[in-house]
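# A structural walkthrough
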Amino acid sequence: MSSFPAFPGLIPLKIKHKPRIDSILTSQNTMLSAYSFVAHYIWRDHFNFHWGIIDGYFCLFAQYDDYVYMPVPPVSLEKNISNPSALPFSKGGIKEVPSSAIINEVFNIMDKINNNKAVSRIENIDESWIDSFVAAGYKIKPGEPEYVYLRKDLATIKGDPYKSKRVMCNYFEKHYRYSYEPIESGHAVQCIELFNLWRQIRAKKVSDSFFNAILEDSFRVHIEAINNYETLELSGRVVIIDNKVEGYIFGFERNKDLLYALLEVTNPCIKGLAQFIFREFCREKDGYRYINTMGDSGLENLRTVKQSYRPVCLAQAFTAYMD
């Protein structure tokens, strides 16, 4: 999976592309995490990502097995990109919204690769862009929404709705001698050991095959974050008890108002630790207005937990496809 024969102008996604791609994606007025480099790059062990500029639009493709889809819609180049020709396969000018022409062109690229054209799709379309895809003749269906909260609510957990969260945090602080500190490279081995412990315990509690497949797939994602958090510009924190990492959390900034809580793992045997590390992370990030904790992967237990924190809104994502 090293090239896209149907469109040779595209290039493999590399860490060196992060500044340029983030400058394009984060300029979009959306809360969806897909409009960030990190959200895709950490999945590079599962997907073969290629990208380029086509007719003035940034286009990212993800390949798995013999199939290709777009994990984010074509995004117009921002006017502050002074030299569009420096980008791979650049042609054309600056566009503002996805046109019917570019939508049709990227679907043609996918259809040339996919034996089953039904898998050709564009995911993570912001609600404000739906009309462009409908006008181009494509079907739209809801994707996985993301949970957005007011940071101050998560940092203070005040009021009756958060009573159980406060009880758990208080229990942890009362019964454990701990330190909450920035992650360092020396924590990597223990973080990986913690993930494996967490995965084993969760797999025993939930027999659902879909859930266990998600656990398996997420292993490489966590390894990527743990080993490359500095390069990826992730903010990481750990909780250490008796000289052992028992919890870690990673996040990253979209802008000065919005922070993403990307990954979190804690020892399930330590009561209150999950609530504590999440609260401390949110408390520490003073200055941000919102925190997006991503989606729930369609898992009922995860949905229940995220709803219990009282999201201020759901960032809706949509998928475009052709019958």
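Just so it is clear, the model here is predicted, and its values are computed rather than measured.

### A look at the environment of Leu154
For Leu154, the position within the fold is in helix H5 (residues 151-156). Here the alpha-carbon distance between Leu154 and Ile291, two residues 137 residues apart in the chain, equals 8.6 Å. Contact partners of Leu154, with chain neighbours within four places excluded, come to Tyr149, Phe278, Arg279, Cys282, Ile291 and Tyr309.

### So, the pairing of strand E10 (residues 235-241)
Of all seven residues in E10, seven are buried, a share of seventy percent or more. Residues Ser235, Arg237, Val239 and Ile241 point to one face of E10 and Gly236, Val238 and Ile240 to the other, with burial holding for every one of them. Two strands pair when backbone bridges link them, and strand E9 (residues 178-182) and E10 are joined in this way by five bridges, in the antiparallel orientation. Paired with Glu181 across the strands is Val238, a residue of E10. Here seven bridges tie E10 to strand E11 (residues 244-253), and the two strands are oriented antiparallel to one another. Note on E11: the bridge partner recorded for Ile240 is Val245.

### A short note on the pattern of salt bridges
Counted by the stated rule, this structure contains 15 salt bridges. Linking Arg44 and Glu224 is a salt bridge whose minimum nitrogen-to-oxygen distance equals 3.1 Å. Here Glu224 lies in helix H8 (residues 209-228) and Arg44 lies in the loop between helix H2 (38-41) and strand E2 (48-54), a separation of 180 residues in the sequence. One salt-bridge network, in which partners are shared between bridges, spans Glu173, Arg279, Glu280 and Arg283.

Procedures and definitions
Residues numbered from 1 in each chain as written. Predicted model: local features only at pLDDT ≥ 70, side-chain atom pairs only at ≥ 80, totals over all residues. Heavy atoms only, no water. Helix = DSSP H or I, 4+ residues; strand = E, 2+ residues; numbered from the N terminus. Contact = heavy atoms within 4.5 Å. Buried < 20%, exposed > 50% of the residue type's maximum accessible area, 1.4 Å probe, protein only. Pairing = 2+ DSSP bridges. Salt bridge = Lys/Arg side-chain N within 4 Å of Asp/Glu carboxyl O.

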